[in-house]
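# Chain and residue survey
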Amino acid sequence: MKNTVNSTKVILGKNTVWSYVNAWTPKAIADGATPKYSVSCIIKKDSPDVDRVRAAIKAAYEEGLSKLKGTSKTVPALEAIKTPLRDGDTERPDDPAYAGCYFINANSTTAPGIVDSDVNPILEHSEVYSGCKGRVSITFYAFNNSGNRGIACNLNNLQKWFDGEPLGSKASAESDFSDDDDSFLD
């Protein structure tokens, strides 16, 4: 069987930080929207992944020219449409997790496969959280919805490599109850 190369697919490296992880249960971002599995992939600006992502976005643009054109007379330039590679310093200046990084929001209506570094399925939901690091398989594609045109990112699969500092402001049960002081609300 011939192995074909998909120029719109990228597997991000094992140091990719996962944020806003919805890998087990799809969530809708607005009332009436289709629930989706999702992850925000945070990659350092000097990562070799950045060039591979840019190349895949360009390939998705070229593959989707007719879709991007739609009923218009011309196709908008790649620089003029929405793309999923976003600058964390610009768009999330108050979040230290995004400093010096790009991020890509990837989602899918189908559940991603989730494995560990040895490619064994991860079944325990608590093992996959915002802040852990690992590889992410994503595919870029062109879209044109009522004149809203751009390149989007589909989430394929996740491979966890490292635990990391959990992102977000929610305290763990261990930190909330590690103190013996039970005098509050006695």
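Right, let's walk through the structure included here. (Residues numbered from 1 in each chain as written. Predicted model: local features only at pLDDT ≥ 70, side-chain atom pairs only at ≥ 80, totals over all residues. Heavy atoms only, no water.)

### Overview of the overall build of the protein chain
The number of helices and strands found in the protein chain is 4 helices and 8 strands. Listing each helix as α and each strand as β along the protein chain from the N terminus yields β-β-β-α-α-β-α-β-β-β-β-α. Buried positions account for 36% of the 186 residues belonging to the protein chain. In the protein chain, the share of contacts with a sequence separation of at least 24, taken over all contacts with a separation of at least 6, comes to 70%. (Helix = DSSP H or I, 4+ residues; strand = E, 2+ residues; numbered from the N terminus. Buried < 20%, exposed > 50% of the residue type's maximum accessible area, 1.4 Å probe, protein only. Contact = heavy atoms within 4.5 Å.)

### Topic: the packing of aromatic side chains
Within a pair of aromatic rings, the relevant descriptors are the distance that separates the centres and the angle that separates the planes. According to the stated counting rule, one finds 2 aromatic pairs in the structure shown. With a centroid separation of 5.1 Å and an interplanar angle of 85 degrees, the aromatic rings of Y98 and F103 are classed as edge-to-face. Owing to a relative accessible area of 0%, F103 belongs among the buried residues under this scheme. Judged by centre distance (6.4 Å) and plane angle (50 degrees), the ring pair of W161 and F162 falls under tilted. Residue placement shows K14 over the ring face of W161; its charged tip is 4.6 Å from the ring centre. Cation over ring: R92 sits above F103, and NZ or CZ is 4.7 Å from the ring centre. (Phe/Tyr/Trp six-rings, centres within 6.5 Å; stacked < 30°, edge-to-face > 60°. Lys NZ or Arg CZ within 6 Å of the ring centre and 35° of its normal.)

### Some thoughts on the nonpolar core
Membership of the largest hydrophobic core comes to 34 residues, with the highest contact counts inside it found for I104, V136, I138, F140 and I151. Contributing elements (two or more residues each) for this core: β1 (9-12), β2 (17-27), β3 (36-44), α1 (49-63), β5 (101-108), β7 (133-145) and β8 (148-162). Among the elements that line this core, the one with the most residues is α1, at 6 residues. The residues contacting I138, other than those within four sequence positions of it, are T8, K9, V10, L12, I104, A106, C153, N154, L155 and N156. (Core = buried A, V, L, I, M, F, W, Y, C linked by side-chain atoms within 4.5 Å.)

### Re the pattern of salt bridges
If you walk through the whole model with that rule in mind, you get 6 salt bridges. Here D89 makes a salt bridge to K45, at a shortest N to O gap of 2.7 Å. Taken as a pair, D89 in helix α3 (residues 88-91) and K45 in the loop between β3 and α1 lie far apart in primary sequence, 44 residues in all. For the salt bridge of E91 with R86, the shortest nitrogen-to-oxygen distance reads 2.6 Å. Look at R86 and you get partly exposed, because its relative accessible area is 27%. When salt bridges with common partners are traced through the structure, they connect K45, D87 and D89 into a single cluster. (Salt bridge = Lys/Arg side-chain N within 4 Å of Asp/Glu carboxyl O.)

### A word on the environment of V136
The topology assignment puts V136 in strand β7. In sequence terms V136 and N156 are 20 residues apart; their C-alpha atoms lie 7.5 Å from each other.

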